[in-house]
Amino acid sequence: MAPSAPGAANNTAAKKSTNAPERKYKCQFCNRAFSRSEHRSRHERSHTKERPFKCLKCRSTFVRRDLLLRHDRTVHAKDGGIPLVAEGRRRGGAQKASSSAAPTPAPAPVPVPSKPSITIDPATLEQIEASSDGMVDLETAAMLMTDFQHKAAAAATGHGDHTAADRAFSPSRGPLLEPSVSYLSGNATLPQMPWDTLVSSTDTRHHSLSSGFLSREDSMHPYTHSGMGRQVAGDVLAPSLNSFVNSLPESGNSTPNALSPYLSMTGPVSPVNYRRSPGPSQALTLPKSPQLADDVERNIVIDRIKQADALGSLPDTFQLPSTAALNRYLATYFNLYHHHMPFLHQETFNPTSASPHLLLAVLSIGALYTFEREHAFMLHVGSKVLVNQFLQHKDNFDSRKCPLWAMQSTLLNMIFESWSGDPKGLEWTCSIKSLLANMVAGNRYQLKVRTEAREGARLTREEWIEDETCRRTYYAVYIFFGMLTLTFNHTPAMSFDEFDNLELPSSESLWNLDVTDDEAWDRYLSSPTAITVREAHDSLFQGEQTRYSAFATRVMINALFLQVWLHKRSYEALQDVVTEFKLRLALETWESSLEVCEPETIVVPLSTPQKGHPLIFNSMAVYRNTRARLEVDLKSVQEALRYHSSYEIAAAMTVAREKVKRSQEMNKVIQQCFECIELAAIQGINWVAKTSATNWSIEHPLCGLDLMVILSLWLYRLEHDEEPATEAELAMYNKVRNLFDEDALDAFGKLSSTVARVWGNILDGVVVWGITKLMGESFKLHSQALIGYEDSLRVAKDQPIHTMTHKALVGTAY
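Residues numbered from 1 in each chain as written. Predicted model: local features only at pLDDT ≥ 70, side-chain atom pairs only at ≥ 80, totals over all residues. Heavy atoms only, no water.

- Under the annotation held in an unreviewed UniProt entry, the chain carries the name C2H2-type domain-containing protein and is attributed to Monascus purpureus.
- Reading the Subcellular location (unreviewed entry) entry of the UniProt record for the chain gives the comment "Nucleus". (UniProt positions renumbered as here; feature names shortened; annotations may be inferred.)

### Examining the pattern of salt bridges
- Scanning the model with the defined rule gives 24 salt bridges in all.
- Residues E580 and K568 are paired through a salt bridge, measuring 3.3 Å at the closest nitrogen-oxygen approach. Of this pair, E580 sits in helix 21 (residues 577–593) while K568 is found in helix 20 (residues 550–569), placing the two residues 12 residues apart along the sequence.
- The shortest N-O distance in the salt bridge between D721 and R662 comes to 3.3 Å. Within this pair, whereas D721 is found in the loop between helix 27 (699–720) and helix 28 (727–737), its partner R662 is found in the loop between helix 24 (646–655) and helix 25 (664–683), the two being separated by 59 residues in sequence.
- In the salt-bridge network here, residues are joined through shared partners; they are K568, E580, R584, E631, E665 and K668. (Salt bridge = Lys/Arg side-chain N within 4 Å of Asp/Glu carboxyl O. Helix = DSSP H or I, 4+ residues; strand = E, 2+ residues; numbered from the N terminus.)

### Topic: the packing of helix 15 (residues 433–454) against helix 16 (residues 461–488)
- Helix 16 packs onto helix 15 with a crossing angle of 150 degrees between their chain directions and a minimal axis gap of 11 Å. In this view, helix 15 runs roughly antiparallel relative to helix 16, as classed from their interaxial angle. Crossing geometry of helix 15 relative to helix 16 is assigned as left-handed. Listed contacts from helix 16 to K433, L436, A437, V440, N443, R444, L447, R450, T451 and R454 of helix 15 are E463, E466, D467, C470, R471, Y474, V477, F481 and L484.
- Tallied by class, residues from the contact of helix 15 with helix 16 come to 9 nonpolar, 2 polar and 8 charged. (Axes fitted to C-alpha atoms, helices over the stretch in contact; angles between N-to-C directions. Parallel < 35°, antiparallel > 145°, perpendicular 65-115°, else oblique. Left-handed = near helix turned anticlockwise from the far one by under 90°. Contact = heavy atoms within 4.5 Å. Nonpolar A, V, L, I, M, F, W, Y, C, P; charged D, E, K, R; others polar.)

### Describing the packing of helix 13 (residues 404–418) against helix 14 (residues 423–431)
- In contact at an axis separation of 7 Å, helix 13 and helix 14 are set at 145 degrees when each is read in the N-to-C sense. Contact residues: helix 13 offers N413, M414, E417 and S418, while helix 14 offers G425, L426, W428 and T429.
- The residue makeup of the contact of helix 13 with helix 14, split by class, is 3 nonpolar, 4 polar and 1 charged.

In structure tokens form, the structure reads like this:
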């Protein structure tokens, strides 16, 4: 039954308190007492960290059986086998069957190279063994592995016994570059990592070369940009991640459900089951990550950088990192970032022959994923300097003759700046959006001319790779501009009509095919021509499922999102129910088309909690955000995000509560919000906070911003509105409530504040892109505001206000 008026609620509470059962079961660890022994047992697990309910299909463990059941339904439902049942039905006979099931055999130990002896606190091991009954849950293992790697890093530098204060790194500051042209006017300042006191970058052992560009790793100095407002963290976690990066698979991954950054662990998700397409009998492996063979090749790169810097614009302090560091950055780019935006052809990318402009841009993002912020910033600025020289001093510059590497370098530099967490970087991105859009238009026109000149002749392998690289680069720019619109409410810089008759990108299997496999290439090149963007778009709006690749799926949801954004910005949107109906139909068709998505035969060394390529996982994040945009417009929050003030963003979040209505359509939006946070809850909040930064793309925190604001405000309204909650609202409220243990709730018992605080902790747990740190701080402030707003009202009126705690809401459901 839904809660009624405030007076009735107070009377009900008084009546319940009068007839309350005796709380005779007391906790042996604290002063709390309970009326039922099972409630006490569940509470005591918060002290003992016991997780008695173990999944027999993977290594996940849970505090409550209902969480195990939900995990089994959501994670293992499609794997086959007998599903788990609720406790009431289980006692009939399933209990006996399940008890006889043999446990999953433990994987054989993998030999590892000898490392310095590192001691783990015996008390920690005893606590883990006592609480887990011999099986360590994933969250505990992740935290233990993190602590182990930190100690390994300290042992490697000979400072294992030093205090945090001794290891603190407070770099000096100095100017790196005074920009004189608009292309270099951005600021790529990145916030410090939360672990920036672990290892001093000056203590790290590095290798140097006697060349014009000496290895900067021998003598680390902070690099700042004109107008830099913060210190930039040094080589944070670099030593501890060196071994991790070196262990990344160079030709695919032998374990389908491999995790990062802890590859020795298996995740609490189903193995990635890539369906096999007709043709090859075995799954394809990813190409090797491009690497420098030795210091001779590094010197070749140095010479090419000098040639590109004909005017000597690079600062004297610019020094190329060592060969080992460069290979580390290449490995992290192609193993961790490339799969989310696969526009480079990994098989033919050669560091010694690639454009130095593009190579430095690739290395800068690779350095971000190893948490070596100073190197990342230095390489990024070097790329910007070289691209600026090319654009400013090329005679008779024509966008049609602009080389593809210039477009790709500019795109990566804009990505680096936009998600850096610094407002000046975003300002720089906005100032050159039209430049990048013009490059795409000119290059696309040249592709059209080149295609028409062939007159239908069959493509050679080299021609196909060239054309597909162009198309993928155009789509990458289109997707990036879409993310700027989604995050900051910026007007789209490119129109959908730019790609009217352009073919959608190929499958990742074909894109990563070995260039020496002649038989496979002949088979793929003789296959029917791929569909165009226009054909796929029309099919979606006609309700017809269409078969296309994972990358094409990402392109199409980006197009639908921008159409929803434009629709909601039109003055006729309120009366134009026909267009909104068509958009909803297209979104439903897009989701159903995932069932017929072109199968992949490659295994990507990333962990995503659903089957398929990571691009599908990223597309679902945009899909959920798009569905929410049809009902709720949070442009005030997005516009506040442009200026990167966590207090202003949190204020905009809290003020937006009037935009979140309560209706049947809103319940559907809340379902999308619930699915967003459920992904983290099923895998483990702490586990996701530590691994999602390197496993998941930037789309997930950016798309989740709107969803978590909507969810927290909707929960707030349900807890404070005088209007009774409907049965559907109570059911949704309890679904969200069941994701959290009792101890996770705030002292005030408000689920709305808890959701905001937990999401903030996830975002700033480990930071690769600085904007996630900003959003994490904003959500924590928003969480405080949801409680502080109620307190301010109570003080202002000097009387209690009507609130419904989560306990009252849960109680009304029965």
